[in-house]
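# Chains, contacts and geometry: an overview
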Amino acid sequence: MELRQLQYALQIAAEKNFSRAAEKLHIAQPSLSQQLSKLEKELGVLLFQRNTSSVELTHAGASFVSKASDILDAVELLKQEMSDISQLRKGKVIVGSMPITGSHLLPHVLPTFRENYPDIEITLLEDSSMNLEKLTASGKSDLSLLSLPLQEPSLSYIEIGEERIDLAVPKDHPLALRDPASSSQVRLEELAEESFVVLKKGQGFRKLTFDLCQAAGFEPKVVFESNNMETVQSLVATGMGITLVPRFIARAPSSEFVPVYLPIEDTPSRTLVIAYRKGRYLSGAAEAFIETFRTTIKEMSTEWEK
């Protein structure tokens, strides 16, 4: 059994078609069919059920593909580890990021990383926090920028910083017009009767918003939902409701509709982390990226707290 045969079987399983699989593998279809037949003969089982319209995995094939995927992943991680040991500076890191959080943080991180490690390639993978956890757990991303708590038990994480959470309200909201001589901080309990604009399900910050409100003794009254935090802030700015916003995002709104940001009593925050699959070897390139991210976030927090 050869590693290339494992790769061939995985590609056939993914494409469910010999012609497309052969094209993706850059080999002739007869050669692909021959290698698969050789593998099946060696194993003594049929991996794929062929018919005129499609190719489907057998029960044995499904088990084989699952194990083959783990083996090839382990081989790739071994190559990375050996590369680090030989002190090669070249590398590649696939980084998952929540779109809005990443759009405000990565422009501060990536230029510094590129300057220090010009030969390391960074590939970005943007998705919701829920999907990023799954992608990281399955090995499709090396690292992912997320916030606690994580839902996926197969992930480990490294804390990179605390991000304060502010309240966003329309400019004519009573809280925005409150006498500055009174307390400048808003108690979450004051928001029990307010209308909230929040992120849709699957976004980690939505859960954090609900958790904070519930801890204050109420369920937020949701009037609008969006997949985009910029849209949420714009809706708040136009008077559609209020919302909670992470500080790094609140301080850099790109929309023409900008709400008023107010501090919250007891200064709630969220913990930003870099997550990775438990037991996964972190390459030197990945560790360098984590350290660059952590240093940059610390500098940003210090600057924005002034």
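Residues numbered from 1 in each chain as written. Predicted model: local features only at pLDDT ≥ 70, side-chain atom pairs only at ≥ 80, totals over all residues. Heavy atoms only, no water.

## What about the overall build of the protein chain?
For the protein chain, the count of helices and strands is 10 helices and 11 strands. Its C-alpha atoms give the protein chain a radius of gyration of 25 Å, clearly above 19 Å, the size a compact globule of 306 residues would have. In terms of its C-alpha atoms, the protein chain occupies a principal-axis envelope of roughly 80 × 45 × 30 Å. Long-range pairs, those at least 24 residues apart, make up 73% of the contacts in the protein chain with a sequence separation of at least 6. (Helix = DSSP H or I, 4+ residues; strand = E, 2+ residues; numbered from the N terminus. Rg over C-alpha atoms; globule rule 2.2 N^0.38 Å. Contact = heavy atoms within 4.5 Å.)

## Quick word on unusual backbone geometry
At the junction of Leu-148 and Pro-149, the peptide bond is cis and its omega measures out at 0° in the coordinates. Mapping Pro-149 onto the fold places it in the loop between strand 5 (143-147) and strand 6 (155-169). In this structure, Asp-266 takes a positive phi of about 70° despite not being glycine. With respect to the helices and strands, the residue Asp-266 is situated in the loop between strand 10 (260-262) and strand 11 (269-277). In the Ramachandran plot, Thr-267 falls in the positive-phi region, its phi being about 45° despite a non-glycine side chain. Checked against the element boundaries, Thr-267 lands in the loop between strand 10 and strand 11.

## Some details on the packing of aromatic side chains
Any aromatic ring pair is given by two values, namely how distant the centres are and how the planes are angled relative to each other. The full count for this structure, using the stated rule, is 4 aromatic pairs. Each ring, one from Phe-113 and one from Phe-289, has its centre 5.5 Å from the other, and the planes form 75°; the classification is edge-to-face. Taken together, the residues span a long stretch of sequence, with Phe-113 in helix 5 (residues 99-116) and Phe-289 in helix 10 (residues 284-304) at a distance of 176 residues. Ring geometry for Phe-289 versus Phe-293: centroids 5.8 Å apart, planes at 75°, classification edge-to-face. (Phe/Tyr/Trp six-rings, centres within 6.5 Å; stacked < 30°, edge-to-face > 60°.)

## A few points about the pattern of salt bridges
Considering all chains together, one arrives at 14 salt bridges under this definition. Ionic pairing is found between Glu-163 and Arg-270, a salt bridge with its closest N-O pair at 2.7 Å. With a gap of 107 residues between them, Glu-163 in strand 6 and Arg-270 in strand 11 connect regions that are remote in the sequence. Taking the shortest distance from any N to any O, the salt bridge between Arg-294 and Glu-291 comes out at 3.5 Å. In this pair, Arg-294 and Glu-291 both sit in helix 10, 3 residues apart, roughly one turn of the helix. The exposure class of Arg-294 is partly exposed, given its relative accessible area of 32%. You can call Glu-291 partly exposed: its relative accessible area is 41%. (Salt bridge = Lys/Arg side-chain N within 4 Å of Asp/Glu carboxyl O. Buried < 20%, exposed > 50% of the residue type's maximum accessible area, 1.4 Å probe, protein only.)

## So, the pairing of strand 5
In terms of burial, strand 5 is largely enclosed, as 5 of its 5 residues are buried. By the alternation rule, side chains of strand 5 split into Leu-143, Leu-145 and Ser-147 and Ser-144 and Leu-146, which are all buried. By the bridge criterion, 4 bridges tie strand 5 to strand 11 in an arrangement that is antiparallel. Opposite Leu-146, over in strand 11, you have Val-273 as the bridge partner. (Pairing = 2+ DSSP bridges.)

## Some details on helix 2 (residues 18-25)
Of all the residues in helix 2, the buried ones are Phe-18, Ala-21 and Ala-22. Down the axis of helix 2, the sector holding all buried residues measures 100°, keeping them to one side. Structural note: helix 2 exposes Glu-23 and Lys-24 on the side pointing more than 90 degrees away from its buried face. Looking at the buried positions of helix 2, the neighbouring elements they touch are helix 1 (3-15), helix 3 (29-43), strand 1 (48-50) and strand 2 (55-57). (Arc of directions from axis to C-beta.)

## A word on the environment of Asp-172
Inspection of the secondary structure assignment puts Asp-172 in the loop between strand 6 and strand 7 (195-199). Residues Asp-172 and Gly-239, 67 residues apart in the sequence, show an inter-C-alpha distance of 8.2 Å.

## Some points on helix 7 (residues 204-215)
In a regular helix each residue adds 1.5 Å, so 12 residues correspond to 16 Å; helix 7 covers 17 Å between its end C-alpha atoms and thus fits that length. Three or more residues of helix 7 are buried, namely Phe-205, Arg-206, Leu-208, Thr-209, Phe-210, Leu-212 and Cys-213. Buried residues along helix 7 sit in contact with strand 6, strand 7, strand 8 (221-226), helix 8 (229-237), strand 9 (243-246) and strand 11. Gly-217 lies just past helix 7 and shows a positive phi near 100°. (Expected span 1.5 Å × (residues − 1).)

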